[in-house]
Structures are given as C-alpha cells and as structure tokens.
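# Architecture at a glance
Chain by chain, the residues:
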Amino acid sequence: MSGDPSARLREGWREALWAFLGARILLAVLSVVGGGMLALPKGQPPTDAGFPNPALDPGWHMLVTSLQRQDAQWFLRLATTGYAPGDHSAAFFPVYPLAIRAVDLLPGVGPLGAALLVANAAALGALIVLHALTRFELGTEAARRAVLFTALFPTAFFLYAPYTESLFLLTSVAAFWFARRDRWLFAAIAGALAAATRSVGILLVVALAIEAVAQYRHGRRLLPRLAAAGAVALGPLLYFGWWQWRYGQFWAALDAQRGWRPAGVHQPIEVLVGSVQYAWRYQTWWLLDLLVVAIAFAGVVLAARRVPLTYTVYAAASLLLPMLLPLPSRPLLSLPRFAAVVFPASWGWALAAARRRPPETATLVGFTGGFAVLAFLFINWQPVF
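Here we summarise the structure given alongside this text. Along each chain, residue indices are assigned from 1 in the same order as the chain's sequence is written. The predicted origin of the model limits local features to residues at a pLDDT of at least 70 and limits the giving and counting of side-chain atom pairs to 80 or more, whereas totals for whole chains, interfaces and linings rest on all residues. Side-chain calculation: all heavy atoms of the structure are included, whereas hydrogens and water are not.

## Remarks on the overall build of the chain
Runs of H or I in DSSP of at least four residues are treated as helices and runs of E of at least two as strands, each being numbered from the N terminus. Looking only at helices and strands, one finds 19 helices and zero strands in the chain. Radius of gyration means the value over C-alpha atoms here, while the globule rule gives 2.2 Å times the residue count to the 0.38 power. A globule of 385 residues ought to have a C-alpha radius of gyration of about 21 Å, and the chain, at 20 Å, matches this closely. If one aligns the C-alpha atoms of the chain with their principal axes, the spans along those axes are about 65 × 55 × 50 Å. To sort residues, take the accessible area from a 1.4 Å probe on protein chains only and compare it with the maximum for the residue type: under 20% means buried, over 50% means exposed, and anything in between is partly exposed. Of all 385 residues assigned to the chain, the portion counted as buried reaches 52%. Here, residues are in contact when the closest pair of their heavy atoms is within 4.5 Å. Residue pairs in contact within the chain that sit at least 24 positions apart in sequence constitute 74% of those at least 6 positions apart. Charge-centre separation for the chain: the mean point of 30 positive side chains lies 6 Å from the mean point of 17 negative side chains. Neither His nor the chain ends contribute to the count of charged residues, in which Lys and Arg are positive and Asp and Glu negative. For the purpose of locating charges, the reference atoms are NZ of Lys, CZ of Arg, CG of Asp and CD of Glu.

Given below as structure tokens:
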C-alpha cells in the first residue's frame, strides 16, 4: 500500500472526465431528440411526492428536466419543504436532500439546478476516485475500462439524474479507497456519509470490518480499525436520532421502507426464481430487470477471484439485500438502479475484457446500447427503476 494517493487521483481524471462527458452527451441527445416521444395518453403520471412534475413536451428544456422523474420528485420535495411523518418520506435518507438545499442557497440555481449540480459533480468525482482505486487494485488498463463500464452501465443514467446514486457511489468508493490505504478516520467519515445517503450503505460496516481483519493479519492493530468500520453506523444512527427528537419515531426510516414494500421479508433465491417466472411470462419490464441484475451478478462473479474479499462481500450483499423486501408484482423493482453503483461488477467486466471474453468493444457497445434504451424509456416516464 505505497505510492502517492493524490498522484493516483490526478492520473485518472482525464479518463474519468471523458467517460463522464460521453455519458452526458449521449443523455443530452436522447433528451432533446427522444423526450416526449412516448408520452402517455393521459399526460404525466401522478406523484405523491408533493413536487410538481415537469412538462413532457419535446424541446431544449429537456436538457434540464428530462431526468426529473419518479423518486427525483421526492428528493426535490425534501430539499425544499423537508420531511413529514406518515408519508413514507423517511425512507429517503438525508445527505442528498441536505446537499441540494446547501447548493440551492447560491443565487439563481433553484432546487432542480442544485440537484443536478450535486449529482453530476458527485458522478465525476466518483469516477475519478474509482479510477484511482481500480488502478491501485488491478492496474491501469483495468482502471480505464472500469471507469468506462461504470459511466455507461445500462442504468448508469441514474448517476446523472437527481437521485442519490452518484453521491452514494462517490462516498462508498472513497470509504474503500481510504481503508485500503490505511486511512481509517477518513474511511469512517466517507462510510458514514454513504450510510446516511442510502440505507444499503450500512453494509460498509461489514465490508470494512473484513478489511480491518485482513490488515490485522499483516501486523496492524485490529481494534482501532474495527472501531472505524463500526463508526459507519453513526450516519444512519444520527438520522434515526433526528426522527426520535423531532417526531418521537426512532425507526421511522425502516418503517417507511417496509411501507413501500408491504409483502414482508423473502428469501433472495425465492425472489430470483419468481423474477425468472415473471420475465418468462410477461417479458418487458420484468425481463429488463432480470437482464440488468444478471449483468451485475456476472460482473461480481467474474471479479471475485481477483479482488480482496471485502469487495466481493460488499458487492454480493448489495445485490442480495434489496431482494429481502421485494414487490410481489415485480420482484426486482429498483434493483437494476441499485446495481449501477455496485462498482466491483464493473471490475469483473473489465477483467473479462482484458482476456477478450468478451472483448472490450463488445462489452462497451452492449452497455451503451442498454444505457440508451433504458434512459430513453426513463426520460419518457416509463417505469424503469
């Protein structure tokens, strides 16, 4: 674990920037050319987030409003009017709405502008840190490919939308970056921010604990590193504490998440079997869900033999945990979006491309094609999560 960390970050910024710009240009074209082509006969879908839906008419305004869809309305509402008990808003963790509110203080930005600035700055930052981490673990060529595959993963358009994905990717990758370089205070801070951005960030406690044990086997002290791993839980605990102080509802966030998925806890294997059955029977959204999740799982498997255990555990758990609370009618709903930030999956495909199984060009074309199709559907208010 030697070398200058700042130099590693500097070396990857050009490749990260080109990958970021490529994805953004593709989204811009899709937004202006394709926005409004699949408008629903009855207009825009209703939202219970309490934030007005943007117009779905073709035009240049789609460069700004095309990704203001679905859960983005919740984050904009939370940034402007805050949380309220009993409306399931507690399910949306606070770091991203707070960041939007902070940037919105700048004159002339507005909530949507602030949300897009935060999301896109975090996306670029995440790609830069991911390049550095991948180069540290797997080398320069793998870093270049991993950044490309992450930026253009089939659901990576959520990284550039008013969603938590990019901020979560930045903070979670940073947590690993600092931990692997034995900078545990910064790892704890980044991990706590990740866990207060999205609930699945709590898995960093387990992943970083595994890393702490691995470093202990190489002669480093165990307890301070385990404490840093455990400190990741301070992020959600502070959020839960705020709900207790403000409304007397310590478990409001978890209750709200269960409210969105009322069917209760299921076994992941049961959910996967049900997903295959739905995909065979109904195709369309169920098949798209299954394909994207399969791509992510395949990437994790491909990387497992080449990367430290901490990454494999984190990636596998990140994909399996959301399956515990499936929606009965669409078991993998939202998981394709969550898969966009499971970065070890991109490592697996980068390693496969190095062996030309499949070649890099084939993977990049497949990912970009999926990105374009799913982004087009999302822009037009289709239920792509």
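From this point, the narrative continues.
## Details of a nonpolar patch on the surface
For patches, a residue must show more than 30% relative accessible area and have no salt bridge; joins then use 9 Å for like charges and 5 Å for nonpolar side chains, namely Val, Leu, Ile, Met, Phe, Trp and Tyr. Here the open area of atoms and residues is found with the Shrake-Rupley method and a 1.4 Å probe, where only the protein chains shown may cover a residue. The term salt bridge refers to a side-chain nitrogen of Lys or Arg lying within 4 Å of a carboxyl oxygen of Asp or Glu. On the surface, W18, L21, I25, V29 and V33 cluster together into a nonpolar patch covering about 540 Å² of accessible area. One can find W18 in helix α2 (residues 13–34). A relative accessible area of 64% places W18 in the exposed class.

## Some words on the pattern of salt bridges
In the structure shown here, the tally under the stated rule is 14 salt bridges. Between D182 and R220 there is a salt bridge, and its shortest N-O distance comes to 3.0 Å. Of the two residues, D182 is situated in the loop between α8 (165–180) and α9 (184–195) and R220 in the loop between α10 (203–216) and α11 (223–230); the sequence distance between them amounts to 38 residues. As a salt-bridge pair, D289 and R330 come within 2.7 Å of each other at their nearest N and O atoms. Taken together, the positions of D289 in helix α15 (residues 284–304) and R330 in the loop between α16 (309–320) and α17 (335–339) put the pair 41 residues apart, joining distant regions of the chain. Through salt bridges with shared partners, one network takes in D71, E165, R198 and R337.

## Section: α9
Expected span, for any helix, means 1.5 Å times one less than how many residues it has. In a regular helix each residue adds 1.5 Å, so twelve residues correspond to 16 Å; α9 covers 16 Å between its end C-alpha atoms and thus fits that length. Considered for burial, the residues of α9 that qualify are W184, A187, A188, A190, G191, A192, A194 and A195. Here the buried face of α9 lies against α8, α10, α11 and α12 (234–247).

## Quick look at the side chain of E360
Examined against the element boundaries, E360 turns out to sit in helix α19 (residues 360–379). Setting aside its immediate chain neighbours within four residues, E360 contacts R144, R145, L148, F149 and A353.

## Structural notes on the packing of aromatic side chains
Two aromatic rings from Phe, Tyr or Trp, using only the six-membered ring of Trp, form a pair when their centres are within 6.5 Å; if the ring planes differ by under 30 degrees the pair is stacked, by over 60 it is edge-to-face, and anything between is tilted. By the definition in use, this model includes 38 aromatic pairs. With a centroid separation of 5.2 Å and an interplanar angle of 20 degrees, the aromatic rings of W74 and F92 are classed as stacked. With W74 in helix α4 (residues 72–81) and F92 in the loop between α4 and α5 (95–103), the pair connects residues that are 18 residues apart, well separated along the chain. Here W74 falls in the buried class, since its relative accessible area comes to 3%. Judged by its relative accessible area of 9%, F92 is buried. An angle of 75 degrees between the planes, with centres 6.3 Å apart, marks the rings of F93 and F240 as edge-to-face. A residue pair is termed long-range when its members are at least 10 positions apart, and F93 in the loop between α4 and α5 and F240 in helix α12 qualify at 147 residues. A residue is classified by how much of its surface remains accessible, and F93, at 3% relative accessible area, is buried. Note on F240: relative accessible area 8%, which makes it buried. Positioned above the aromatic ring of F168, the side-chain terminus of R198 is 4.7 Å from the ring centre. Positioned over the ring face of Y278 is R281, at 6.0 Å from the centre of the ring. Two conditions define a charge located above a ring, namely a distance within 6 Å from the ring centre to NZ of Lys or CZ of Arg, and an angle within 35 degrees of the ring normal.

## Quick word on the environment of F158
Along the chain, F158 falls in the loop between α7 (140–151) and α8. Between the alpha carbons of F158 and A340 there is a distance of 7.8 Å; along the sequence they are 182 residues apart.

## Points about the nonpolar core
F157, Y160, F176, F343 and W347 are the most contacted members of the largest nonpolar core, which totals 121 residues. Considering each element in turn, this core owes the most residues, 16 residues, to helix α6 (residues 110–138). Residue contacts for F157: discarding those within four places in its chain leaves L27, L67, F371, L374, A375, F378 and V384. Here, nonpolar core refers to any group of buried Ala, Val, Leu, Ile, Met, Phe, Trp, Tyr and Cys residues whose side-chain atoms link them within 4.5 Å.

## Re unusual backbone geometry
Residue P358 follows R357 across a cis peptide bond; omega there is 0 degrees. Among the secondary structure elements, P358 is positioned in the loop between α18 (344–354) and α19. The phi dihedral of D182 is positive, around 65 degrees, even though this residue is not glycine. Even without glycine at this site, S334 takes up a positive phi of about 80 degrees. Locating S334 in the fold gives a position in the loop between α16 and α17.

## Quick word on the environment of T368
Here T368 is to be found in helix α19. Not counting chain neighbours up to four residues away, the residues in contact with T368 comprise L26 and L152.

## What to know about the packing of α2 against α6
With axes taken as lines fitted to C-alpha atoms, and helix axes fitted only over the stretch in contact, angles between N-to-C directions fall between 0 and 180 degrees. α6 packs onto α2 with a crossing angle of 140 degrees between their chain directions and a minimal axis gap of 8 Å. Put simply, α2 runs oblique to α6. In this structure, the crossing between α2 and α6 has a hand that is right-handed. Contacts from W13, E15, A16, L17, F20 and R24 of α2 reach α6 at N120, A123, L124, L127, I128 and H131. Here is the rule for angles: anything less than 35 degrees is roughly parallel, anything more than 145 is roughly antiparallel, 65 through 115 is roughly perpendicular, and the remaining ranges are oblique. Two helices that cross are described as forming a left-handed crossing if the nearer one is turned anticlockwise from the farther one by less than a right angle, and a right-handed crossing if clockwise.

Keep in mind these numbers describe shape, not what the thing actually does.
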